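Structural characterization, general
Chain by chain, the residues run as shown.
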Amino acid sequence: MKAAVLVFPGSNCDRDLAVAFRNAGCSVEMVWHKDTTLPDDVDIVGIPGGFSFGDYLRCGAIAARSPIVGALKSHVERGGYALGICNGFQVLVETGLLPGALIRNAGLKFICKPVDLTVETTASDFTSGYTKGQSVTYPVAHHDGNYIAGPDTLAALTGEDRVAFRYGGNVNGSADKIAGILSENRRVLGLMPHPERAADPALGGADGADLFRSLAIAAVTA
Amino acid sequence: MKARVHIMLKNGVLDPQGEAIRHALGTLGFDGVHGVRQGKVIEIDLASSDAASAEAEVGKMCETLLANTVIESYEVEIL
């Protein structure tokens, strides 16, 4: 399977994400935000964490209007996989590929620590390697991870089993403790916590490796 | 021609920064502050000299980039 990792000015988890994909058996190409096309035969596009464009205007807002995003949208419309982590999740909500918005943490502080998450659904190729209700630990590192959406959207996310991860406790004020959500076709995942920073025991935990592993297997057979 | 855009979080969207400011004002002895909302002001210098077309153009800028209409409202002022 082939992954493309988008790189924006200010991305800082792009190489970590590439390593996690490679360790799961993917070939990886880095794609600069000014490019207008993705490499041929890309199965999954990774949108990495960081502070694209210095978080100016709104987190992810300027990255979401980059030239490469047209190709990302076409890829998703074709049914391709996309994984947005932290700033990448912010980019995905700014593009409208995922619903809702991410605003300043309720406690106003930048939060940087490992957090416990609950895997809410295994009905996605991102989470099929876990068991439903399993507790996993991924690090978070964000200032604007407070997920909000209208009542109809929240009801749809829960009703359609599209909440992939919830925080074990109240980390940042997110509605319904939402940490990560899936698109309607379940092939786009956005989450604030960092599975790529917990994908190798040398990093202090490997709970995130299962996400990349199950995705790599699914993309080969998809 | 210049335009000024005021961007605010929509009513009902919690504003943690506004809340922190409200709390600080209370600590400083400013009584009677019921609420604070923090927004953004963006000033744009435009080539256009026609107010109506400038307003329409800036409106488009707001919808496309300047505001996230999921959570923010905006007002355009032509100066």
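Look up: the structure comes first, before these words.
A short tour of the structure in this document, coming up. (Residues numbered from 1 in each chain as written. Chains lettered and ligands numbered in written order. Predicted model: local features only at pLDDT ≥ 70, side-chain atom pairs only at ≥ 80, totals over all residues. Heavy atoms only, no water.)

Regarding the sheet that holds strand β1 (residues 2-9) of chain B
All names here are of chain B. Going by this rule: Strands qualify as paired when DSSP identifies two bridges or more between them. For helices the rule is a DSSP run of H or I covering at least 4 residues; for strands it is a run of E covering at least 2, with both sets numbered from the N terminus onward. Note on geometry: axes are C-alpha line fits, over the in-contact stretch for helices, and angles between N-to-C directions span 0 to 180 degrees. For this analysis, residues touch if any pair of their heavy atoms sits within 4.5 Å.
On the basis of which strands lie adjacent, the open sheet formed by 3 strands has the order β2-β1-β3 and antiparallel pairing. Where the open sheet ends on each side, the last strands, each with one partner, are β2 (40-45) and β3 (72-78). Between one strand axis and the next, the sheet turns by 20° as a mean value, whatever way the strands run. Judged from the 7 bridges that link them, β1 and β3 form a sheet pairing that is antiparallel. Bridging from a neighbouring strand, Ala 3 pairs with Ile 78 of β3. Helix α2 (residues 51-66) rests against β1, β2 and β3 of the sheet, and its axis sits at about 155° to β3.

Re the layout of surface pockets
Keep this limit in mind: Only protein atoms enter the 1 Å grid used here. Points where a 1.4 Å probe fits but cannot escape make up a cavity, open sets with protein on both sides within 12 Å along at least five of seven lines make up a pocket, and a residue lines them when an atom lies within 4 Å of a point. Grid points are joined across faces, edges and corners, and a volume is the space filled by probe spheres set on the points. Note on residue classes: Ala, Val, Leu, Ile, Met, Phe, Trp, Tyr, Cys and Pro are nonpolar, Asp, Glu, Lys and Arg are charged, and everything else, Gly too, is polar.
Its volume calculated, the largest pocket comes out at about 490 Å³. Taken together, 24 residues line the largest pocket, and the ones lying closest to its centre are Arg 58 and Asp 144 of chain A together with Gln 17, Lys 40 and Glu 72 of chain B. Looking at the lining of the largest pocket residue by residue, the class counts come to 11 nonpolar, 5 polar and 8 charged.

Focus on the pairing of strand β1 (residues 2-7) of chain A
Residues and elements named next belong to chain A. Our working definition: Only protein chains enter the accessibility calculation, which uses a 1.4 Å probe; a residue whose area is less than 20% of its type maximum is buried, one above 50% is exposed, and one in between is partly exposed. Orienting the strands away from the viewer, one traces the path from the first strand over the helix to the second; a clockwise path indicates a right-handed crossover.
Extensive coverage of β1 is indicated by the burial of 5 of its 6 residues. On the question of chirality, the crossover connecting β1 to the parallel strand β2 (residues 27-32) by way of helix α1 (residues 14-23) is right-handed. For β1 and strand β3 (residues 44-47), the ladder comprises 3 bridges, and the chain directions are parallel. Its bridge partner being in β3, Val 5 is matched across the sheet by Gly 46.

Some details on the nonpolar core
Residue and element names in this part refer to chain A. Which entries qualify depends on this criterion: Grouping buried Ala, Val, Leu, Ile, Met, Phe, Trp, Tyr and Cys residues that are joined through side-chain atoms within 4.5 Å yields what is termed a nonpolar core.
Residues Phe 21, Leu 83 and Phe 165 are the most contacted members of the largest nonpolar core, which totals 72 residues. Of the residues forming this core, the biggest block, 7 residues, is contributed by helix α5 (residues 209-221). When sequence neighbours within four positions are dropped, the list of residues in contact with Phe 21 reads Met 1, Ala 3, Val 5, Cys 26, Val 28, Ile 44, Gly 46, Leu 83, Phe 212 and Leu 215.

Notes on the pattern of salt bridges
Basically, it comes down to this: Each reported salt bridge corresponds to a side-chain nitrogen of Lys or Arg within 4 Å of a carboxyl oxygen of Asp or Glu.
Summed over the entire model, instances satisfying the criterion amount to 13 salt bridges over all chains. Of the charged contacts in the structure, one is a salt bridge between Glu 72 of chain B and Arg 58 of chain A, with a shortest N-O distance of 3.7 Å. Of this pair, Glu 72 of chain B sits in strand β3 while Arg 58 of chain A sits in the loop between β3 and α2 (68-77), placing the two residues on different chains. Judged by relative accessible area, Arg 58 of chain A falls into the buried class, the value being 9%. Among the charged side chains, a salt-bridge network with shared partners connects Arg 58, Arg 65 and Glu 94 of chain A together with Lys 40 and Glu 72 of chain B.

Some thoughts on the interface of chain A and chain B
Many structure descriptions define interface size as the accessible area lost when the parts assemble. For the record, the criterion: Buried area adds together the accessible area that both of two parts lose upon being put together, with accessible area traced by a 1.4 Å probe. Here a polar contact means two N or O atoms within 3.5 Å. Within protein one must be a hydrogen donor candidate and the other an acceptor candidate, and residues neighboring in sequence count only if both atoms are side-chain atoms.
With 14 residues of chain A in contact, the opposing surface of chain B contributes 15 residues. Regarding the contact of chain A and chain B, the summed buried area is about 1100 Å², with carbon and sulfur atoms giving 67% of it. At the boundary of chain A and chain B, one finds 1 salt bridge. Scanning the region where chain A abuts chain B turns up 5 residue pairs in polar contact (both at pLDDT 80 or more). Of the residues belonging to the side of chain A that touches chain B, the class tally is 8 nonpolar, 2 polar and 4 charged.

Considerations on the environment of Leu 66 of chain B
Position of Leu 66 of chain B relative to the elements: it lies in helix α2. Residue Leu 66 of chain B is classed as buried on the basis of its relative accessible area, which comes to 10%. The spacing of Leu 66 of chain B and Asp 15 of chain B is 51 residues in sequence and 18 Å in space, taken between C-alpha atoms. Contacts of Leu 66 of chain B, omitting those with residues within four sequence positions, involve Leu 57 and Arg 58 of chain A together with Val 5, Ile 7, Ile 42, Ile 44, Met 61 and Glu 72 of chain B.

Read these as layout, nothing more, since geometry by itself doesn't imply function.
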